[in-house]
Amino acid sequence: MIRYIGKRIAQTVIVMLLVSFITFLLVSVMPKDPVYSLFGSDVTPDEYEVLYKRLGLDQPILVRYGKWLADILRGDLGTSYAYRMPVGEVVGKKIGVTMYMSIVSTLISFPLGMLFGVITAVKRGKWQDNVFTFLANIMGSIPGFVIAIVVLWVFCVQLKWLPSSGFAFPWEDFGTHIRTIIMPMFCLVLGGVAGVTRQTRSSMLEAIRQDYVRTARSKGLKENYIINKHVLRNGLVPIITLIGGRLAMMIGGSVFIENVFSIPGMGALMVNSVNKVDVPVIQVCVLLTAGCISLSYLFTDFLYLAVDPRISLQ
Amino acid sequence: MTAAKTYRRSGNDRMRTVRRFFRTMFSRRIVIFGFVGTMFFVLVALFAPLIAHQDPNALTMAGRLRSGSAEHWFGTDYIGRDLFARVVYGTRVSLLTGVISVLMAAFVGVFLGMCAAYFGGIVDKLLLGYCETFNSIPGIALCLTLVSMFGGGMLNMALILCFMGIPGFLRMMRASSLSIMNSDYILAERLQGQSKLKIMYKHILPNAISPIIVMSTQMIGATVMMESGLSFLGVGISIPMASWGSIISEARPYLLTNPSYVMIPCICLALLIISLNILGDGIRDALDPALRGES
């Protein structure tokens, strides 16, 4: 057990190192001169030489990578080209917003999606199944930003109920928070519910087909009992993967929604940095998202171990 | 000479298989909608110049932000270009980017997946490491980074989206190759001294291909979605070219005054992706009856 956990953690560290190296490599070949970006374009050639040396750009790429990694591990994330301030500060302001949004939307969408998934699986072929499955499939096929624009049009332009943009934390201004959060949250939850419903339904159907369910039925057990004791327990295990996936998307998943509703989160920051070729910020964003994904995979694997005794350590 | 090699399907036999394929595919009525929708958009993309008479990039005499009229069916956009022509030509960009990138990804992924299964050892480990690494970078962040490096444009978008799709195909192909390699008829072939390379493309490739087809059809919808999303964010297809995502992003500021300008490309995009996904599900049902009605 401990060996397995150690091995998984080591794997995660290796993947993170690889990701960080690839990010560094990719971003360092970008056609943007770091000296001019950091110190402005009025640098004289002599100053340029000095600054070039001071930034360590004359050293081989592996050395630079080592230095960059050491800096990151020490907590120095570099300086943003666009904002001219430490990346840590820039990211720190935004990351809270995005994480708040995704955690709340996950907390709402999972119970709902699981409920719909169980209903559609148990009532397979009846009208409840047809309606919910159809809706989930349609919702899963429409891009998030299209849903967001339609929602914005209905509630903001037509009905004039809600403001079109802005964001405030509940502990800052509760009224504004509720008014600004409804539409983006609705869009995020809608997407989440569609995905969870589909996944729950298919894994429930898989569980219903199993031999032990047939045995339970032929023993004459009540259908409710079979669903609660046998199907749900086994059918909901794959949902863990989905929770992991959802956590993994915590930082990058709401780019479109943030863009439509002008929410100052990580998504907006990423798009801005890409448009401005703000290299240090892009690097940190990719690293953060990758870290998030790796950790959530790790978490998922451990959760499986804890939940399902049949999963062996191989 | 093995039995499998000398056996040739007669034409009649093949016809029957094809007919059965279509019958299972259309056994759910909704798939007909998916098929018709997809065919509609494919035809629009193919015959774009015949359908839209105006140049999608030329300014018209009508002025900017006009609503629909006999001359300009969907009205004009924010600088006075014909919206109908832009949407019609946008079909080309969206579909073509999606189809090309998925085809390339499937091709490369299948090849690499077979390599991983065939060589095993260090090659296998390296390729799996590549998959694992790229799975750890979320699609949208990776896309944004790659676009910022190489710039937008249709070819770059297709290449980047292809790059994103490869790991999925690689893993699937590797897994099915490995499982087929363990089956008895492959063992029989090998005992007869057949070379491993020949077994790979004569037996493993044809037997492992159907999940790949299913995955490709389902990936096309997702790729079209990704492309439109990136164009919507303003980092995808570059400006003069019309992609639905970029039309939506241009139109967004006019949501208050001119809602049909925004809604038309939105509806087209939603319809295309819905039809593609429904058709994909239909093809999956027909190729893999065990999965029918699962999602």
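All of these numbers come straight from a predicted model, not from anything done at the bench.

Engineer: What exactly am I supposed to notice about the packing of aromatic side chains here?
Structural biologist: The description of two aromatic rings rests on the distance between their centres and on the angle between their planes. One pass over the structure, following the stated rule, counts 11 aromatic pairs over all chains. For the ring pair phenylalanine 145 of chain A and phenylalanine 232 of chain B, a centre distance of 4.3 Å and an interplane angle of 15 degrees mean the geometry is stacked. Placement of the pair is phenylalanine 145 of chain A in helix H7 (residues 144–158) and phenylalanine 232 of chain B in helix H10 (residues 196–232), with the two residues belonging to separate chains. According to the relative accessible area criterion, phenylalanine 145 of chain A is buried, its value standing at 1%.

Engineer: Help me understand the interface of chain B and chain A, please; the structure alone is not making it clear to me.
Structural biologist: Size of an interface, as often reported, equals the accessible area lost when the parts are brought together. Across the boundary between the two partners, chain B contributes 41 residues, which contact 46 residues of chain A. Summing both partners gives a buried area of about 3,900 Å² for chain B against chain A, and 74% of it is carried by carbon and sulfur. Seen at the junction of chain B and chain A, the total is zero salt bridges. One can count two residue pairs in polar contact (both at pLDDT 80 or more) joining chain B with chain A. Mapped onto the side of chain B that touches chain A, the elements with two or more residues apiece are helix H6 (121–136), helix H7 (139–150), H10 and helix H12 (259–287) of chain B. Top element by residues in the side of chain B that touches chain A is H12 of chain B. It accounts for nine residues.

Engineer: What's the story with the pattern of salt bridges in this structure? I'm lost.
Structural biologist: Should their charged atoms come close, side chains of opposite charge can pair. This structure, assessed with the given rule, holds nine salt bridges over all chains. For arginine 74 of chain A, the salt bridge identified is with aspartate 71 of chain A, shortest N-O distance 3.4 Å. Here aspartate 71 of chain A falls in the partly exposed class, since its relative accessible area comes to 24%. Its salt-bridge partner being arginine 86 of chain B, residue glutamate 250 of chain B comes within 3.6 Å of it at the nearest N-O pair. You can see glutamate 250 of chain B sitting in helix H11 (residues 244–251) and its partner arginine 86 of chain B sitting in helix H5 (residues 83–119), a full 164 residues away along the chain. For glutamate 250 of chain B, a relative accessible area of 10% gives the class buried. A relative accessible area of 0% places arginine 86 of chain B in the buried class.

Thresholds, definitions, all that
Here the residue index of a chain counts from 1 through its sequence in written order. For naming, the first written chain is A and the first written ligand is 1, with later ones following in the order written. Given that the model is predicted, a residue must reach a pLDDT of at least 70 before its local features are reported, and side-chain atom pairs must reach 80 or more before they are shown or counted; all residues, however, enter totals for whole chains, interfaces and linings. Side-chain numbers here rest on the full set of heavy atoms in the structure, without hydrogens or water. Pairing of aromatic rings covers Phe, Tyr and Trp, the last through its six-membered ring, and needs centres within 6.5 Å; plane angles under 30 degrees mean stacked, over 60 mean edge-to-face, and all others mean tilted. A run of DSSP states H or I qualifies as a helix once it reaches four residues; a run of E qualifies as a strand once it reaches two. Both are numbered from the N-terminal end. Throughout, exposure labels follow a simple rule: accessible area from a 1.4 Å probe, protein chains only, divided by the maximum for the residue type, with under 20% read as buried, over 50% as exposed, and the rest as partly exposed. Contacts were defined at the residue level, with two residues in contact if any of their heavy atoms lie within 4.5 Å. Accessible surface is computed with a 1.4 Å probe, and the buried area is the amount of it that two parts give up when combined, taken over both parts together. By convention in these notes, a salt bridge is any Lys or Arg side-chain nitrogen within 4 Å of a carboxyl oxygen on Asp or Glu. Counted as a polar contact is a pair of N or O atoms within 3.5 Å, where, for protein atoms, one must be capable of donating a hydrogen and the other of accepting one, and residues adjacent in sequence contribute only when both atoms are in side chains.

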